[in-house]
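Close look at the chain arrangement
Letter by letter, the chains look like this.
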Amino acid sequence: MVMSYVTTTKFSTKVNGVGHGFFEGRRGLRQGDPMSPLLFVLVMEYLSRTLMKMSELPDFRFHPMCKRTKFIHLLFADDLMIFCKGTVSSVSRVIEALDHFSKVTGLEANSDKSKVLKEVDKRCREYLWGSSNEKKKISLVAWNTTCLPRKYGGLNIKGCKNWNIASVGKLRVKWVHEVYMTNDADIWAHKPALTSSWYWRKLNSIKVQMLGWYYRGQYILTHTGDYLVNRSYKALNKLLTKTRLQRLNILVEDTKCCLCDDDVEETQEHLFGECQWIMEVSTTLLNWLGIHVRKRDVKTTVQWINTRNWQWFKKHIVARMWGALIYHTWQVRNKKIFQHITTPTSIVISQIQHELRERMNILKESKRAQKCQNWCDRLCT
């Protein structure tokens, strides 16, 4: 059945929203087809099982750091990392497994492929600004800005350095504890010895950037707690507040917050925590929800919400409120700066209440919402 889908693909083009017939695809499914991720997972599962079978052969030796956990490979999207001891027999077995996989699937490993992160970013910058070995041009916008999402003024290009940091977080904690932290219980408090390898010291140097992604050992950038490289990558790209623009050597006429009259510099901490504008909106919304929260920054507040002994539905709505508050505050700030439009707090409050009511109405028939029925009915009336 799978092969029938792959070998009988047909495509259609639309002109002004109207389809104009079909034509056959000669190279099977293309990237972006809804079936492609499923097929990719099926094929990679076969590769994983092939490598596991290969590791059971008597002349194969695990990598010294992976021997206890029998760790063989890691898959990051379409990138594969294979670990084994550097003996001729072990490497030969890996090559045999890859050759077998290639003959079965028709996929081949690129033996010449080598990624050097800084060099890749450098080549991307040169291409973007038209530089070459013969002619150098100045980059008009910082690379960090270029890598931001389009709505924040970037081109949504994934910078290799931050993407690598985000991917490192996917390394299994069990493997880390088995190999490097046999005597330490807390990875965040762990300090590598001076005799540790370079790459372990490097991993520890970037864990500071990952600290805000976890609370009590739980990944908090997703509701499920499942690690997502894309979410971690986005967390590394901070909003371009006025003070951050100034640190990036971008000319800013006035660094003061435009939403309040406190004559305070616009930092992320002020804009989303201390600003009188957001405090007025958040206080009104919290009173509407019937919840008391002490004055805290957003990250601490979200962590505090997760620790409450509330029903899931209540936690979900309160967390949504904070997400909507951050989003609308940033939108109002941008309207004030770039369009010179002042938005009253009452409009934002009404908009967030409307969005939360819509969300509650969508979920109100679920079992989780019914546990908070009285609270939900009060807010939706």
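Above this text sits the structure in question.
For clarity, every value in this text was computed on a predicted model and none was experimentally measured.

Assigned secondary structure in the protein chain consists of 17 helices and six strands. Taking as baseline every contact in the protein chain between residues at least 6 positions apart, the subset at least 24 positions apart corresponds to 49%. Carbon together with sulfur atoms contributes 54% to the accessible area of the protein chain, which is approximately 25600 Å² in total.

Let us now look at a negative patch on the surface. On the surface, Glu 253, Asp 254, Asp 261, Asp 262, Asp 263 and Glu 265 cluster together into a negatively charged patch. Mapped onto the elements of the fold, Asp 262 is located in the loop between helix 10 (242–247) and helix 11 (268–274). With a relative accessible area of 37%, Asp 262 lands in the partly exposed category.

This part takes up the state of the cysteines. Taken as a whole, this structure holds zero disulfides when the rule is applied. The thiol of Cys 380 is unpaired, and the distance to the nearest cysteine sulfur, on Cys 376, comes to 4.0 Å. By relative accessible area, Cys 380 is classed as partly exposed at 26%.

Summarising the element assignment, Ser 131 is placed in the loop between helix 4 (117–129) and helix 5 (143–146). For Ser 131, the residues in contact, after removing those within four places along its chain, are Glu 126, Lys 136 and Lys 137.

For the rest of this paragraph, the subject is the nonpolar core. Leu 259, Trp 277, Leu 289, Phe 313, Met 321, Ile 352 and Met 360 are the most contacted members of the largest nonpolar core, which has 39 residues in total. Mapped onto this core, the elements with two or more residues apiece are helix 11, helix 12 (276–289), helix 13 (298–307), helix 14 (312–339), helix 15 (345–363) and helix 17 (373–380). If you tally residues by element for this core, the top one is helix 14, at nine residues. In this structure, Leu 289 is in contact with Ile 317, Val 318, Met 321, Trp 375, Arg 378 and Leu 379, ignoring residues within four places of it in sequence. Membership of the second largest hydrophobic core comes to eleven residues, among which are Leu 47, Phe 60, Ile 72 and Ala 97.

What is expected of a backbone is that most residues other than glycine have negative phi and most peptide bonds are trans. Phi at Lys 70 is positive, roughly 55 degrees, even though this residue is not glycine. Here Lys 70 is to be found in the loop between helix 2 (36–55) and strand 3 (73–76). Exposure remark for Lys 70: the relative accessible area of 55% places this residue in the exposed category. We note that Asp 263 has phi near 55 degrees; this positive angle belongs to a residue other than glycine. Note on Asp 263: relative accessible area 57%, which makes it exposed.

Inspection of every chain in the model, using the stated rule, returns four salt bridges. Close ionic contact of Arg 49 with Glu 45 constitutes a salt bridge, the shortest N to O distance being 2.8 Å. Of this pair, Arg 49 and Glu 45 both sit in helix 2, four residues apart, roughly one helical turn. We classify Arg 49 as exposed; its relative accessible area is 56%. Residue Glu 45 is classed as partly exposed on the basis of its relative accessible area of 39%.

Right, let's get into the packing of aromatic side chains. Summed over all chains, the structure comprises six aromatic pairs. Taken together, a centroid distance of 5.4 Å and an interplanar angle of 85 degrees make the contact between Phe 60 and Phe 62 edge-to-face. In terms of burial, Phe 60 and Phe 62 fall into one category: buried. Their ring planes at 85 degrees and their centres at 6.3 Å tell us that Phe 313 and Trp 375 sit as a pair that is edge-to-face. Of the two residues, Phe 313 is situated in helix 14 and Trp 375 in helix 17; the sequence distance between them amounts to 62 residues.

Before going further, it helps to spend a moment on the side chain of Lys 314. By the secondary structure assignment, Lys 314 is in helix 14. Asp 377 is the oppositely charged side chain nearest to the buried, salt-bridge-free Lys 314, at an N-O distance of 15 Å. If we ignore the near neighbours within four places in the chain, the residues touching Lys 314 are Ile 291, Cys 372 and Trp 375.

Packing of helix 12 against helix 15 leaves a shortest axis separation of 10 Å and a crossing angle of 40 degrees. Looking at the two axes, helix 12 sits oblique to helix 15. As for the relative orientation of helix 12 and helix 15, their crossing is right-handed in sense. Seen from helix 12, the contacting residues are Trp 277, Glu 280, Val 281, Thr 284, Leu 285 and Trp 288; seen from helix 15, they are Thr 345, Val 348, Ile 349, Ile 352, Gln 353, Leu 356, Arg 357 and Met 360. A breakdown of the residues in the contact of helix 12 with helix 15 according to their chemical character gives nine nonpolar, three polar and two charged.

Moving on, we come to the side chain of Ser 90. Mapped onto the secondary structure, Ser 90 falls in helix 3 (residues 88–105). We classify Ser 90 as buried; its relative accessible area is 0%. Those residues within four positions of Ser 90 in sequence are excluded, and the remaining contacts are Asp 59, Phe 60, Arg 61, Cys 84 and Lys 85.

How each quantity is defined
- Residues numbered from 1 in each chain as written.
- Predicted model: local features only at pLDDT ≥ 70, side-chain atom pairs only at ≥ 80, totals over all residues.
- Heavy atoms only, no water.
- Helix = DSSP H or I, 4+ residues; strand = E, 2+ residues; numbered from the N terminus.
- Contact = heavy atoms within 4.5 Å.
- Areas by Shrake-Rupley, 256 points an atom, 1.4 Å probe, with all protein chains shown as cover.
- Patch = residues over 30% accessible without salt bridge, like charges linked within 9 Å, V, L, I, M, F, W, Y side chains within 5 Å.
- Salt bridge = Lys/Arg side-chain N within 4 Å of Asp/Glu carboxyl O.
- Lys, Arg positive; Asp, Glu negative; His and termini not counted.
- Charge placed at Lys NZ, Arg CZ, Asp CG, Glu CD.
- Buried < 20%, exposed > 50% of the residue type's maximum accessible area, 1.4 Å probe, protein only.
- Disulfide = S-S within 2.5 Å.
- Core = buried A, V, L, I, M, F, W, Y, C linked by side-chain atoms within 4.5 Å.
- Phe/Tyr/Trp six-rings, centres within 6.5 Å; stacked < 30°, edge-to-face > 60°.
- Axes fitted to C-alpha atoms, helices over the stretch in contact; angles between N-to-C directions.
- Parallel < 35°, antiparallel > 145°, perpendicular 65-115°, else oblique.
- Left-handed = near helix turned anticlockwise from the far one by under 90°.
- Nonpolar A, V, L, I, M, F, W, Y, C, P; charged D, E, K, R; others polar.

In short, shape yes, function no, at least from these values alone.
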